[in-house]
Amino acid sequence: MAYDVRDGYLVLFGGVYSHLLNDTWKFEGGAWTNITNRLAPTGETLGAMTYDARDGYLLLYNTQAETWVFSNGSWATLATIGSPGLVTSAAIFYDVADRYVVMFGGYDSSYTALASTWTYATGVWTFRSLATHPSARSAAFAAYDVVQGYGILFSGVKGAGPGPPVSNDTWTYQNGMWFNVTHYQVNAPRAESHGLLAYDPSLGYSLLFSGDYFYNDTWWFVDPLTVTLNASRTALDVGHSLTLSTNTSGGAGPFAYTYVGLPTGCVAPNASLLACLPSAPGVYHVGVTVSGRVLLPQSNSISLNVNPSPKIVAAASRNATTVGFPVSFTSEVSGGTPPFTLAWTFGDSTAASGSPISHVFNAAGTFLVQLVGTDSDRGSSTANLSVLVHPGITPTIVVAANETDTSLPLKFDVTVSGGTSPFLFAWLFGDGQGASVAQTNHAFQIPGIFRSSVIVSDAVGGLGTAGVEITIHPGLVINATADASRVVQASPVGFHSVAVGGTGAHRFLWNFADGATSSASNPTHSFGATGAYSVVLNVSDAVGGHATTGVSVLVVAAPPTAVSPGSSPAPPTLLWILIGVVGLVEAFVAARLMTRKRRPQGAAAP
């Protein structure tokens, strides 16, 4: 009888009633069903059958030295390479680890017990010549323990005829070799044969029930239970992780775990693995007791030293600096167990060890400086610092204009990027003058081209310079004239200007004193009323320089054109000559008066 893993039911073949049987039954869903087919092995009761997990079928080696397989509800005979020959009552099991069927012992044709080991895989029987093996026997108990990873062979019959079975020895088969484990057993069943031994996966061990000698007893087979308690570390600091692991071998689970003497802050679980953070220093004697289902509990213990956790403090000579300028770092350590290893990482892919230490940052940014102090008990503490590293100083000069007139104030300003504040400023305007503030006004007194510069220094000694060229033009000088100083009412008169110096284009504004204006440099204007007019000219340039001057014009009425009776009009030519002379005299007088009142800028006194 064996369980067909692939088809999912228990298969029973043959047996003896009043004769040898060759019927096949399956047990599935709590009921037996006769599935006997026309093709079936010869009836028997002493064959060896097991499930071959590698080939996926039930394997039967019968007493006719035939190899049969049962799959999908049908039997088929199998031609094999090699054969154990005529063997009855052999012990058989499938070796999960080695992936082949193992068959041991049995009777030969003369009913002599055998001590031969055969293996079967994919249609090939192979004889295993082993130096160490169980003694010759048949009808032994056999099964494969999946948890322990080996085959089990127990007791059996020495040979044909009456007499007791072999001793109650126990053997295991692993990695192609037999091992006698009888001396490891605390107790064992009495010697028996033709009984039942099967591995129960739900229990995790193999069960043996009775045999030919009708003891009617049930036994389980497990290795002796051993317990080992291990710690991830036996000396540590408060607050550091601790892992306790309990390793068991042998026994039959599930297991129950009981811990005593745990460090403060550790909770005892019913589990083989315990992870915790001890919260108080001290020396702790920790013990564990493991209880299984079939053996007496076993215990083990370990001692732990929990030290006060180390504490480390890091300090920097400054928390901000400029690229290329060093920062000094120091540390203080308390607690823990000396000596300490001090490992610095500066956040710029560089590292160093020891204290004090100096470091230069070669790139700008905010860097997380970390110090890890590790003590001799593998306790550690971490301190972090943030250091802001500015780029090198880059000053930029901002001026209101790059050219201006003499004596006009010019605003200078400097903006600074990079560097570590506070900053100091030193201006050199190129004309022998200077200043020490970021923003200032300066007026150049002579024309020319000047190289103005500023030097900026920061808190850590970084320097930056910038310069600008300033062109200084002479001040604005102007002159104004009119075509005539005496004009007849409503007659057009031309005005003319001369402007030199200043910066950029000139802008003109004539004010004719009669409410009229003009922005032309040389306008023409007619006065609508008689009188003396003081015409004013204002000239300005692109940077705010300006000059003012003026010219006087006398406007007279037009002479009468009517002639008295009996009189002859004066000859036209002589009349106009007299008018012109009078006008010149008046213009000269008016010009002298105007000159005394307002002399043009830059004009010399007469």
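Going along each chain's sequence as written, the residues are numbered from 1 onward. Under the rules for a predicted model, residues below a pLDDT of 70 receive no local features and side-chain atom pairs below 80 are neither given nor counted, while totals for whole chains, interfaces and linings still include all residues. The side-chain quantities take in all heavy atoms of the structure and omit both hydrogens and water.

1. Focus: the overall build of the protein chain
Step number 1: Runs of E in the DSSP output that reach at least two residues are strands. Runs of H or I that reach at least four are helices, and both are numbered from the N terminus. Helix and strand counts for the protein chain stand at 1 helix and 50 strands.
Step number 2: Radius of gyration here uses only the C-alpha atoms, and the compact-globule reference equals 2.2 Å multiplied by the residue count raised to the power 0.38. Taken over C-alpha atoms, the radius of gyration comes to 60 Å for the protein chain, far larger than the 25 Å a tight globule of 606 residues would show.
Step number 3: Taken along the three principal axes of its C-alpha coordinates, the protein chain extends 195 × 70 × 40 Å.
Step number 4: Across the protein chain, contacts joining residues at least 24 apart in sequence account for 54% of those joining residues at least 6 apart.
Step number 5: Of the roughly 30500 Å² of accessible surface on the protein chain, 57% is carried by carbon and sulfur atoms.
Step number 6: Computed over 23 positive and 33 negative side-chain charges, the inter-centroid distance for the protein chain is 18 Å. Only heavy atoms matter for contacts: two residues are in contact if any of them lie within 4.5 Å across the pair. Residue-level accessible areas treat just the shown protein chains as cover; the underlying method is Shrake-Rupley with a 1.4 Å probe. Just so you know, the count uses Lys and Arg for positive and Asp and Glu for negative, and it drops His and the chain ends. Charge positions are represented by NZ for Lys, CZ for Arg, CG for Asp and CD for Glu.

2. Quick look at the environment of Asn62
Step number 1: Within the secondary structure layout, Asn62 lies in the loop between β6 (57–61) and β7 (67–71).
Step number 2: Apart from the residues within four sequence positions on either side, Asn62 is in contact with Pro41, Glu44, Gly47, Trp68 and Val87.
Step number 3: For this analysis, a polar contact is any N or O atom pair within 3.5 Å, provided that within protein one partner can donate a hydrogen and the other can accept it, and provided that sequence-adjacent residues contribute only side-chain to side-chain pairs. A distance of 3.0 Å separates the side chain of Asn62 from the backbone nitrogen of Gln64, its partner in a polar contact.

3. Notes on the nonpolar core
Step number 1: The biggest cluster of nonpolar side chains holds 20 residues, and the ones touching the most others in it are Leu229, Leu244, Tyr259, Leu262, Leu274 and Val286.
Step number 2: Those elements that provide at least two residues to this core are β20 (226–231), β22 (242–249), β23 (256–260), β24 (273–276), β25 (282–291) and β26 (298–307).
Step number 3: A per-element tally of this core places β25 first, with 4 residues.
Step number 4: Residues Val535, Leu537, Val551 and Val555 belong to the second largest nonpolar core, which totals 18 residues. Among buried residues, those of type Ala, Val, Leu, Ile, Met, Phe, Trp, Tyr and Cys that are joined through side-chain atoms within 4.5 Å constitute a nonpolar core. Relative accessibility under 20% of the residue-type maximum defines a buried residue, over 50% an exposed one, and the middle range a partly exposed one, all with a 1.4 Å probe and only protein chains included.

4. Looking at the state of the cysteines
Step number 1: Defined by distance alone, a disulfide is two cysteine sulfur atoms within 2.5 Å. This structure, assessed with the given rule, holds 1 disulfide.
Step number 2: Disulfide pairing places Cys266 opposite Cys276 at an S-S distance of 1.9 Å. Judged by the sign of its S-S torsion, about 65°, the cystine formed by Cys266 and Cys276 is right-handed. Placement of the pair is Cys266 in the loop between β23 and β24 and Cys276 in strand β24, with a sequence separation of 10 residues.
Step number 3: The class of Cys266 is buried, set by a relative accessible area of 11%.
Step number 4: A relative accessible area of 9% places Cys276 in the buried class.

5. Structural notes on the pairing of strand β40 (residues 439–443)
Step number 1: Burial along β40 is one-sided: the residues Thr440 and His442 are buried and none of Gln439, Asn441 and Ala443 is.
Step number 2: By the convention used here, strands pair only if DSSP detects at least 2 bridges between them. Judged from the 5 bridges that link them, strand β37 (residues 409–417) and β40 form a sheet pairing that is antiparallel. If you follow Pro409 over to β40, its bridge partner there is Ala443.

6. Focus on the packing of aromatic side chains
Step number 1: Here is the rule: rings of Phe, Tyr and Trp (six-membered ring for Trp) pair when centre to centre is within 6.5 Å. Planes less than 30 degrees apart are stacked, more than 60 are edge-to-face, and the remainder are tilted. Overall, the coordinates contain 27 aromatic pairs when judged by the stated rule.
Step number 2: An aromatic cluster of at least three residues, connected via ring pairs, comprises Phe93, Phe104, Tyr144, Tyr173 and Trp178.

7. What to know about the sheet that holds strand β45 (residues 492–500)
Step number 1: Read from one edge to the other, the open sheet built from 3 strands follows the order β43-β45-β48, with strand pairing classed as antiparallel. Both outer strands of the open sheet, β43 (477–482) and β48 (524–526), are each paired with one neighbouring strand and no more. Direction aside, the axes of adjacent strands within the sheet are offset by 25° on average.
Step number 2: Across 3 bridges, β45 lies against β48 in antiparallel orientation. Within β48, the position partnered with Gly494 by the bridge is Thr524. Lines fitted to C-alpha atoms define the axes, with helix axes restricted to the stretch in contact, and inter-axis angles between N-to-C directions lie between 0 and 180 degrees.

8. Describing unusual backbone geometry
Step number 1: With an omega of -5°, the peptide bond running from Ser355 to Pro356 counts as cis.
Step number 2: Topologically, Pro356 is positioned in the loop between β31 (351–353) and β32 (357–359).
Step number 3: The residue Ser407 is not glycine, and still its phi comes out positive at about 70°.
Step number 4: Looking at the secondary structure, you find Ser407 in the loop between β36 (403–405) and β37.
Step number 5: Of note, Ala490 is a non-glycine position whose phi angle comes to about 75°, a positive value.
Step number 6: Note on placement: Ala490 falls in the loop between β44 (486–488) and β45.
Step number 7: Residue classification places Ala490 among the exposed residues on the basis of a relative accessible area of 54%.

9. Some thoughts on the pattern of salt bridges
Step number 1: In what follows, salt bridge is the name for a side-chain nitrogen of Lys or Arg lying within 4 Å of a carboxyl oxygen of Asp or Glu. For the structure on display, the rule yields 2 salt bridges.
Step number 2: Across the pair Glu28 and Lys26 runs a salt bridge whose closest N-O atoms are separated by 3.1 Å.
Step number 3: Here Asp169 and Arg137 are joined by a salt bridge, their closest N and O atoms 2.8 Å apart. Here Asp169 is found in the loop between β14 (150–154) and β15 (170–174), whereas its partner Arg137 is found in the loop between β12 (124–128) and β13 (141–145), with 32 residues between them in sequence.
Step number 4: A residue is classified by how much of its surface remains accessible, and Arg137, at 1% relative accessible area, is buried.

10. A word on the sheet that holds strand β46 (residues 507–511)
Step number 1: Strands sit in the order β44-β50-β49-β46-β47 across an open sheet of 5 strands; the sheet is mixed. Among the strands making up the open sheet, the edge pair consists of β44 and β47 (517–518).
Step number 2: Both β46 and β47 contribute to a ladder of 2 bridges, which runs antiparallel. Within β47, the position partnered with Asn511 by the bridge is Thr517.

11. Some details on the environment of Ser381
Step number 1: Positionally, Ser381 belongs in strand β34 (residues 380–390).
Step number 2: Classification of Ser381 as buried rests on a relative accessible area of 12%.
Step number 3: Taking the C-alpha atoms as reference, Ser381 lies 9.9 Å from Gly335; in sequence the two are 46 residues apart.
Step number 4: In this structure, Ser381 is in contact with Pro310, Lys311, Ile312, Leu371, Val372 and Gly373, ignoring residues within four places of it in sequence.
Step number 5: Polar side-chain contacts of Ser381 include one of 3.2 Å to the backbone nitrogen of Ile312.

12. Overview of the environment of Asn247
Step number 1: Among the secondary structure elements, Asn247 is positioned in strand β22.
Step number 2: Between the C-alpha atoms of Asn247 and Val227, which are 20 residues apart in sequence, the distance is 5.8 Å.
Step number 3: In contact with Asn247, other than residues within four places in its own chain, are Thr226, Val227, Thr228 and Asn230.

13. Observations concerning the confidence of the model for the protein chain
The predicted coordinates of low-pLDDT regions are not to be read in fine detail.
Step number 1: A residue's pLDDT is simply how confident the predictor is in it, with values from 0 to 100. Per-residue confidence for the protein chain gives a mean pLDDT of 88; residues scoring 70 or more make up 90%.
Step number 2: Long-range and interchain partners of residues 570–606, a stretch whose pLDDT sits below 50, account for 27 contacts in this model, where long-range means more than four residues apart.

14. Focus: the pairing of β26
Step number 1: Bridge count between strand β21 (residues 235–237) and β26: 3 bridges; the pairing is parallel. Along β26, the bridge assignment pairs Leu236 with Val306.
Step number 2: Where β25 and β26 come together, 9 bridges link them in antiparallel fashion. Bridge assignment links Val286 to a residue of β26, and that residue is Ile302.

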